[in-house]
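# Residue-level structure breakdown
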Amino acid sequence: MTKFSDLTRLPDDRGHFGPYGGRFVSETLSFALEELEKTYLSLRDDPDFQAKFDYDLAHYVGRPSPLYHAERWSSHLGGAQIWLKREDLNHTGAHKVNNTIGQALLAKKGGKPRVIAETGAGQHGVATATVAARLGLKCDIYMGAEDVERQKLNVYRMHLLGANVIPVESGSRTLKDAMNEALRDWVTNVDDTFYIIGTVAGPHPYPMLVRDFNAVVGREARRQSLEQIGRLPDALVACVGGGSNAMGLFYPFVEDEDVRMYGVEAGGDGVETGRHAAPLTANAPRGVLHGNRTYLMSDEGGQITDTHSISAGLDYPGVGPEHALWKDVGRVEYVAANDDKVLEAFRELTRMEGIMPALESAHALAHAKVLAPTMRPDQHIVVNLSGRGDKDILTVAKIDGVNF
Amino acid sequence: MNRIDQRFAALKEQGRTALIPYITAGDPSPDYTVSYMHALVEAGADVIELGIPFSDPMADGPVIQKACERALKHNTRLSHVFAMVSEFRRQDSDTPVVLMGYLNPIERLGYPTFAKQAAEAGVDGVLIVDMPPEEADEIAPLLKEHHLQSIFLVAPTTSEARAATICAHGEGYLYYVSLKGVTGAASLDVAAVDRQLDVLRKLTGLPLCVGFGIRDGASAAAVGKVADGVIVGSALVSRIAEGCERPESVTAELKTVLGEMRQALDA
């Protein structure tokens, strides 16, 4: 038994990961969450359900996604070999679809004709609209008004897929506000609506089931590493907003103590400036938001503070509860990458490997750039390339002073 | 005996229904909250629910969201809320005050400090919207130690088994959420509420108070026929919103609106 083997037995039966997680919701939602938990637990080990899920992942999403050796970039950095887990090649262009496929199966099982979701960068919204189109479900997507502006392409994609995108004008007009509004919708329409949460946060059982649906990423990466590298990698790197792609990659490696893990948060203008979205790196206090206890950016009065990041998908003041625990027990090292370094990594990978990463994923790349030169050429880093960058072209063009 | 229990015992004796107004502390600015509270009592309030402003009030509709925003513009914190209750208590030592809000500001202050300072200020009960009894293990004994009652919500979606758990933990009164939705939502179905309250009555002797969807004398009276108390929030807070440029004049309006409900309930 390894030091970290206990971590694979969480959450406990009340949805707690140590002091984190739980089910902090207003009473109206308690019943729906209990039902969802029951449904999920009964299906989790059901071979028929798993077979359906695996079939969809293979034939609709296009899994397994490749593990690609970025040889040119590795030798440019002059250290460890960098391998990219190509979640950008999934149908809809990001890891998010792994989870929406799974939750859509649960929605269908529960007989719900309507799904809702929150989205930041729009990737989870697109992935939800996609599965809704395929299953003929009505779909409403809540998106912060600021994100609607900076992710116009994804907004129109969702519209083409038949979803209704509702801009959220309250609060900071970003991901957290979209989640508030989705929860308000759910509490009103709980009888006929399934809420497809896009990250490993929210009330129990969401952090658990979103983790489980994304863990396919890490299972594949582990197997591919053994096949292609001949052993497990020395380090894993993934970006962390709510933390679903990092959780998906890391979880199957949790007991592999020799595999170091790095979760890369959005440093924005720099953690020291206060303009960031890096609760773990900045040692934010514990708090409760959106149904779970976690590390949470809030002021002394307990009000949630505004976040800042170049990437809409990481622009969130909290983090999944399991990450909070992994920080405490030291299983994962959480660091931040600032906007300027992220852009640098975005451009470098695009030019050197012909792969344009999402700005979210470029946070992981920015840290790989720091990490690789400190390691030997016979060591290996797996980076989760969680999404593709097409959606960010307008953002980058604007920074370059180009307007279409 | 706690002020809440005293008040409900007296109401029961008189055969009257409790009228429970909600306002957000610090809305539209901290200068007016105490005078609004006194006005509500003059108009016939039996218990006052005083909202702790929060940046992300997930269970609330736009009316109370905006109230929180107005209060937070003045940086209304728990320390200010406690000061308001203390000031209110200088003139009113009878009317129970329940703090209602979300967990994060309380968690940030720390449970022991919260319980101690709330009790010292003269608070009688606490209703934390996003903390069901299952998550209350840590704070419950601290509240009890300081004689603060834990008030919980019951919803139309609450199963009978859950309702039994909630009743076992609840004190003061049960807050029955009359409809699925956020605060300030549309009108409610009194017959459905009546059926649900019958189920709850078999589980508990706690007074059953109904909130959500009560906007005027008529809806208050209709619910008052089946419940031990009616809770009114958005209908009052929307008056505060309309009058936020002339907050002094709102005092009289609050009295009028709540007074009509009092009359309708007592008729």
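Note that residues are indexed from 1 along each chain, following the sequence as it is written. The lettering of chains begins at A and the numbering of ligands begins at 1, in the order of writing. For a predicted model such as this one, the threshold for reporting local features is a pLDDT of at least 70, and the threshold for listing and counting side-chain atom pairs is 80 or more; totals across whole chains, interfaces and linings nevertheless cover every residue.

### Structural notes on the overall build of chain A
Note the cut-off: In this text, helices come from DSSP runs of H or I with a minimum length of four residues, and strands from runs of E with a minimum of two, each type numbered from the N-terminal end. In this setup the radius of gyration rests on C-alpha atoms only. A globule is expected at 2.2 Å times the number of residues raised to 0.38. Once C-beta atoms are placed from the backbone, each residue is buried if 20 or more other C-beta atoms lie within 10 Å of its own, exposed if 12 or fewer, and partly exposed for counts between those two. Throughout, a residue-residue contact means that the two C-beta atoms, derived from backbone geometry, are no farther apart than 7 Å.
Of the regular secondary structure elements, chain A holds 15 helices and 15 strands. Here the C-alpha atoms of chain A give a radius of gyration of 19 Å, agreeing with the 22 Å that 2.2 N^0.38 yields for 404 residues. The principal-axis extents of the C-alpha atoms in chain A amount to approximately 55 × 55 × 45 Å. Burial statistics for chain A: of 404 residues in total, 61% are counted as buried. Within chain A, residue pairs in contact and separated by at least 24 positions form 75% of the contacts whose partners lie at least 6 positions apart.

### As for the domain arrangement of chain A
Residues and elements named next belong to chain A. To be explicit about the condition: An automatic or database domain assignment is the source of the domain bounds shown. Residues are grouped as follows: nonpolar covers Ala, Val, Leu, Ile, Met, Phe, Trp, Tyr, Cys and Pro; charged covers Asp, Glu, Lys and Arg; every other residue, Gly included, is treated as polar.
Considered domain by domain, chain A is made up of domain 1 (17-57 + 96-210) and domain 2 (64-93 + 215-399). Computed from C-alpha atoms alone, the centre-to-centre distance between domain 1 and domain 2 is 22 Å. Going through the elements one at a time, strand S2 (20-24), helix H4 (96-109), helix H5 (123-135), helix H6 (145-150), helix H7 (152-160), helix H8 (175-188) and helix H9 (206-214) are the ones with two or more residues in the side of domain 1 that touches domain 2. When residues in the side of domain 1 that touches domain 2 are grouped by element, the largest group, five residues, is from S2. Residue composition of the side of domain 1 that touches domain 2, grouped by class: 18 nonpolar, 16 polar and five charged.

### Some details on the nonpolar core
Applicable threshold: Among buried residues, those of type Ala, Val, Leu, Ile, Met, Phe, Trp, Tyr and Cys that are joined through C-beta atoms within 7 Å form a set called a nonpolar core.
The biggest cluster of nonpolar side chains holds 219 residues, and the ones touching the most others in it are Val-237, Phe-250 and Ile-381 of chain A together with Tyr-175, Cys-209 and Val-230 of chain B. When we break this core down by domain, the ones giving at least three residues each are domain 1 (17-57 + 96-210) and domain 2 (64-93 + 215-399) of chain A. Beyond its immediate stretch of four places on either side in the chain, Cys-209 of chain B contacts Ala-18, Ile-20, Tyr-173, Leu-174, Tyr-175, Tyr-176, Ala-227, Asp-228, Gly-229, Val-230 and Ile-231 of chain B.

### Some points on the pairing of strand S6 (residues 138-144) of chain A
Residues and elements named next belong to chain A. Rule in force here: For two strands to be treated as a pair, DSSP must find no fewer than two bridges joining them. With strands facing away from the observer, any crossover in which the path from the first strand over the helix to the second runs clockwise is taken as right-handed.
The buried fraction of S6 is high, at six of seven residues. For strand S5 (residues 114-119) and S6, the ladder comprises six bridges, and the chain directions are parallel. The residue of S6 that forms the bridge with Val-115 is Cys-139. Between S5 and its parallel partner S6, the chain crosses via H5, and the hand of that crossover is right-handed. Here S6 pairs with strand S7 (residues 164-168) via five bridges, running parallel. Bridge pairing in S7 links Met-143 to Pro-167.

### Some points on the sheet that holds S2 of chain A
All names here are of chain A. In space, the four strands of this open sheet follow the order S1-S2-S13-S12, with antiparallel pairing throughout. Two strands bound the open sheet, and with one partner strand each, they are strand S1 (16-17) and strand S12 (286-289). Here two bridges tie S2 to strand S13 (residues 291-295), and the two strands are oriented antiparallel to one another. Bridging from a neighbouring strand, Gly-21 pairs with Arg-293 of S13.

### Focus: the UniProt feature "modified residue: N6-(pyridoxal phosphate)lysine" (unreviewed entry) in chain A
Residues and elements named next belong to chain A. Which entries qualify depends on this criterion: UniProt positions are given in the numbering used here, feature names are shortened, and annotations may be inferred rather than shown by experiment.
With numbering aligned to this structure, UniProt lists the feature "modified residue: N6-(pyridoxal phosphate)lysine" (unreviewed entry) at Lys-96. As for its position among the elements, Lys-96 is in helix H4. With 32 C-beta atoms packed within 10 Å, Lys-96 lands in the buried category.

### Some details on the UniProt feature "domain: Tryptophan synthase beta chain-like PALP" (unreviewed entry) in chain A
UniProt records the feature "domain: Tryptophan synthase beta chain-like PALP" (unreviewed entry) for residues 62-387 of chain A in the present numbering. Secondary structure across residues 62-387 of chain A divides into 40% helix and 21% strand, with the first and last C-alpha atoms of the span separated by 14 Å.

### A short note on the UniProt feature "active site" (unreviewed entry) in chain B
Residues and elements named next belong to chain B. Following the UniProt record, one finds the feature "active site" (unreviewed entry) at Glu-49 and Asp-60. Inspection of the secondary structure puts Glu-49 in strand S2 (residues 48-51). Overall, the presence of 25 C-beta atoms within 10 Å leaves Glu-49 in the buried class. Leaving out residues up to four positions away in the same chain, Glu-49 has contacts with Ile-20, Tyr-22, Val-98, Met-100 and Ile-231. Among residues more than four places away in sequence, those in contact with Asp-60 are Gln-65, Val-182 and Thr-183.

### Description of unusual backbone geometry
All names here are of chain A. Omega for the bond connecting Arg-63 with Pro-64 falls within 30 degrees of zero, at 0°, which places this linkage in the cis form. Looking at the element boundaries, Pro-64 is found in the loop between helix H2 (47-61) and strand S3 (67-69). In the Ramachandran plot, His-290 falls in the positive-phi region, its phi being about 50° despite a non-glycine side chain. With respect to the helices and strands, His-290 occurs in the loop between S12 and S13. Residue classification places His-290 among the buried residues on the basis of 28 C-beta atoms within 10 Å.

### Side note on the sheet that holds strand S6 (residues 153-154) of chain B
Residues and elements named next belong to chain B. Selection rule: Axes, fitted as lines to C-alpha atoms, cover a helix only where it is in contact. Angles between the N-to-C directions of the axes lie from 0 to 180 degrees.
Across the sheet, nine strands lie side by side as S5-S4-S3-S2-S1-S9-S8-S7-S6; this open sheet has parallel pairing. The sheet is open, and its two borders are formed by strand S5 (149-150) and S6, each paired with just one other strand. Bridge count for strand S4 (residues 125-128) against S5 is two bridges, and the pairing is parallel. Following the sheet pairing, Val-126 is matched in S5 by Ser-150. The strands touched by helix H12 (residues 247-266) are strand S1 (18-24) and strand S9 (229-232); relative to S1, the strand with the most contacts, the crossing angle is about 160°.

### Regarding the environment of Asp-56 of chain A
All names here are of chain A. With respect to the helices and strands, the residue Asp-56 is situated in helix H2. Among the residues examined, Asp-56 registers 20 C-beta atoms within 10 Å and is labelled buried. Separated by 231 residues in the primary sequence, Asp-56 and Gly-287 have C-alpha atoms spaced 37 Å apart. With residues up to four places along the chain from it excluded, the contact list for Asp-56 reads Val-61 and Ile-101.

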